[in-house]
Amino acid sequence: MSQADRPVPLPDRAIEVIAQRFFVPESTVFHFSAQKRVVGNTSVTLTTQSAFRFDGKTEVTPGILHVGYMLHGAMSIGLNGAQARSFKSISAYTVPSWDSARLESLEITRGLDIQVPQARLVERGVRVRTEHQPVDSTGSLGMPLRLFALAIIESAWAPGGAASLMVERTIEDLVVGLLMEGDGYAMDSEDLRLGLRVRALAQIDERHHDRGLTPASLAAQLGVSLRHLQRAFEGSGKTVAQQIARARAESAGVLLLMPNSNGLTIADVAARAGFSSTFELRAGFKARYNMLPSEYRAHGAARARPAQPGAGIEVAGVAGGLGFGVGAGVAVEAAAMVIESIPAPRGG
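A quick note: this is a predicted structure, and the numbers were derived from the prediction, not measured. (Residues numbered from 1 in each chain as written. Predicted model: local features only at pLDDT ≥ 70, side-chain atom pairs only at ≥ 80, totals over all residues. Heavy atoms only, no water.)

> Before we move on, can you summarise the packing of helix α8 (residues 240-257) against helix α9 (residues 266-273) with the specific residues and values?
Where α8 meets α9, the axes come as close as 9 Å, and the angle between the chain directions of the two elements is 135°. If you check the angle between α8 and α9, you find them oblique. Crossing of α8 against α9: the hand is right-handed. Residues R248, S251, A252, L255 and L256 of α8 lie in contact with α9, whose contacting residues are I266, V269, R272 and A273. (Axes fitted to C-alpha atoms, helices over the stretch in contact; angles between N-to-C directions. Helix = DSSP H or I, 4+ residues; strand = E, 2+ residues; numbered from the N terminus. Parallel < 35°, antiparallel > 145°, perpendicular 65-115°, else oblique. Left-handed = near helix turned anticlockwise from the far one by under 90°. Contact = heavy atoms within 4.5 Å.)

Put into structure tokens, the structure is as follows:
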């Protein structure tokens, strides 16, 4: 194992906070390890922990949906005072943001946690549930999502900038597909506006390289009026035109970071991504990435470097694939800790 791949110990502050909230059986030692890979706005965390009980307030990033897999063992999970549910190997579940949690396992557990921004899921027609729910891990996309997430968390994987963008989109696509297969996550049949938006986004992703794609031409292709299409995007956070520009900017980002892409001029990139001019490319790129295409290309080498210890994971007390913050704000590639037994309070 190389020095870069070795787990690093959690700092004293993180251990102190975790020790105040965890209870483990007497005369035992609590073992915990975690690895996390951040890819754009998505992330994947793999944890292993021995028997424990956690009951208390948590600190999590709002607006994130967690898709968890129980890979080994069983765990009881209750959030925000709701009745706890038991998750066994190899089950999957979704968890939205929460303020408090009660977790308990009587054996060694191993979990996988995939985190995706809820806003992106809503844009693509997924209804985000307010409580944690089981999903069908045996469905057609349950296994591909789990295996893909496990593959990218391997420390030996060192993606380039373009690969990171594609991996981020693949994770998002698989999560959307998995939830759409499940009961209660797909859009309501009567919500025609949402259905139209989903159809429009699919066409934008497929046809944005065509410089002739405009909100008006898209509406005509979908067989609705321009105003009807525009109303379908109201409240989603982006207009039709902004979604077209977003798709083109993301394609331009992939082109700029592709190996041997230095032979492409900014004008070449603009044309291939579907922009009608370099001016439109710069404006769309600035809106999406908050920097110009030339700056993005210059930073490509830095984006392509593999994560190092201290730069890859926010260790937030992740257990069994369910991430919950301990207020430490630690950033490391892999972490491990051992805590001596903490007897549970009598009567607890």
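> Let's hear about the nonpolar core: which residues, and what values?
If you look at the biggest cluster of nonpolar residues, it comprises 25 residues, and the most contacted ones within it are Y69, I114 and V175. Breaking this core down by element, the ones donating at least two residues are β4 (42-49), β6 (64-72), β11 (109-117), α3 (142-152) and α4 (161-181). If you look at the next biggest cluster of nonpolar residues, it comprises 17 residues, including V24, F32, M70 and A101. (Core = buried A, V, L, I, M, F, W, Y, C linked by side-chain atoms within 4.5 Å. Buried < 20%, exposed > 50% of the residue type's maximum accessible area, 1.4 Å probe, protein only.)

> Explain the layout of surface pockets to me, using residue names and the numbers behind them.
Here the largest pocket defines a volume of roughly 600 Å³. Around the largest pocket, the lining comprises 26 residues; the ones closest to its centre are R120, R246, A247, E250 and R288. Listed by contribution, the elements that provide at least two residues to the lining of the largest pocket are α2 (118-123), α4, α8 and α10 (278-289). Here the element with the most residues in the lining of the largest pocket is α8; it accounts for 8 residues. Per-class residue counts for the lining of the largest pocket are 9 nonpolar, 7 polar and 10 charged. (1 Å grid on protein atoms, 1.4 Å probe; cavity = no way out; pocket = protein on both sides within 12 Å on 5 of 7 lines; lining within 4 Å. Points joined across faces, edges and corners; volume = space filled by probe spheres on them. Nonpolar A, V, L, I, M, F, W, Y, C, P; charged D, E, K, R; others polar.)

> Now, about the pairing of strand β7 (residues 74-79): what can you tell me, with residues and values included?
Relative to strand β8 (residues 85-88), β7 runs antiparallel, the two being bridged by 4 bridges. Its bridge partner being in β8, I77 is matched across the sheet by R85. Taking the residues that link successive antiparallel strands as the turn, the β7-β8 hairpin has 5 residues, and the phi of N80 there is positive, at about 55°. Where β7 lies against strand β10 (residues 100-105), 4 bridges are found, and the strand directions are antiparallel. Note that in β10 the partner of I77 across the bridge is L103. (Pairing = 2+ DSSP bridges.)

> Please set out α3 residue by residue, giving values where relevant.
Burial in α3 covers these residues: G142, L145, R146, A149 and I152. For α3, the angular spread of buried residues about the axis comes to 140°, placing them on one side. (Arc of directions from axis to C-beta.)

> Let's hear about the environment of Q230: which residues, and what values?
Checked against the element boundaries, Q230 lands in helix α7 (residues 226-232). Put simply, Q230 and A216 are 14 residues apart on the chain and 9.7 Å apart in space, counted from C-alpha to C-alpha.

> Outline the packing of α4 against α8, listing residues and values.
Packing of α4 against α8 brings their axes to within 7 Å, and their N-to-C directions diverge by 140°. Judged by residue contacts, G161, A162, L165, M166 and R169 of α4 engage R246, E250, G253, V254 and L257 from α8. Across the contact of α4 with α8, the residue classes tally to 5 nonpolar, 2 polar and 3 charged.

> Give me the lowdown on the pattern of salt bridges, citing residues and values where you can.
Where charged atoms from two side chains of opposite charge approach closely, those side chains can pair. Applying the stated criterion to the full structure yields 9 salt bridges. R120 is the partner of E172 in a salt bridge, and the nearest nitrogen-oxygen pair spans 2.7 Å. Placement of E172 in helix α4 and of R120 in helix α2 is noted, with a sequence separation of 52 residues between them. Overall, E172 belongs to the buried group, its relative accessible area being 5%. Between D173 and R169 there is a salt bridge; the shortest N-O distance is 3.0 Å. Here D173 and its partner R169 are both found in helix α4, 4 residues apart, which amounts to about one turn of the helix. Assessed through its relative accessible area of 32%, D173 is described here as partly exposed. Each of R120, R169, E172, D173, D205, R246, E250 and R288 takes part in one network of salt bridges that share partners. (Salt bridge = Lys/Arg side-chain N within 4 Å of Asp/Glu carboxyl O.)

> Describe in detail the packing of aromatic side chains, supporting the description with residues and values.
Each aromatic ring pair is described using two quantities: the centre-to-centre distance and the angle formed by the ring planes. Under the defined criterion, the tally for this structure stands at 4 aromatic pairs. Centre to centre, the rings of F285 and Y289 are 4.7 Å apart; their planes meet at 40°, and the pair counts as tilted. Linking F285 with Y289, this pair stays in helix α10, spanning 4 residues, or about one helical turn. Between Y289 and Y296 the ring centres are 4.8 Å apart and the planes differ by 45°, which places this aromatic pair in the tilted class. Pairwise contacts between aromatic rings join F285, Y289 and Y296 into one cluster. Taking NZ or CZ as reference, R288 lies 4.7 Å from the ring centre of Y289, over its face. (Phe/Tyr/Trp six-rings, centres within 6.5 Å; stacked < 30°, edge-to-face > 60°. Lys NZ or Arg CZ within 6 Å of the ring centre and 35° of its normal.)

> Summarise the sheet that holds β10; cite the residues concerned and give the values.
The strand order across the open sheet built from 5 strands is β2-β5-β10-β7-β8, with neighbouring strands paired in antiparallel fashion. Single-partner strands in this sheet number two, and they are β2 (22-23) and β8. In the sheet, strand β5 (residues 52-57) pairs with β10 via 6 bridges, with the strands oriented antiparallel. Looking across to β10, one finds that G56 is bridged to A101.

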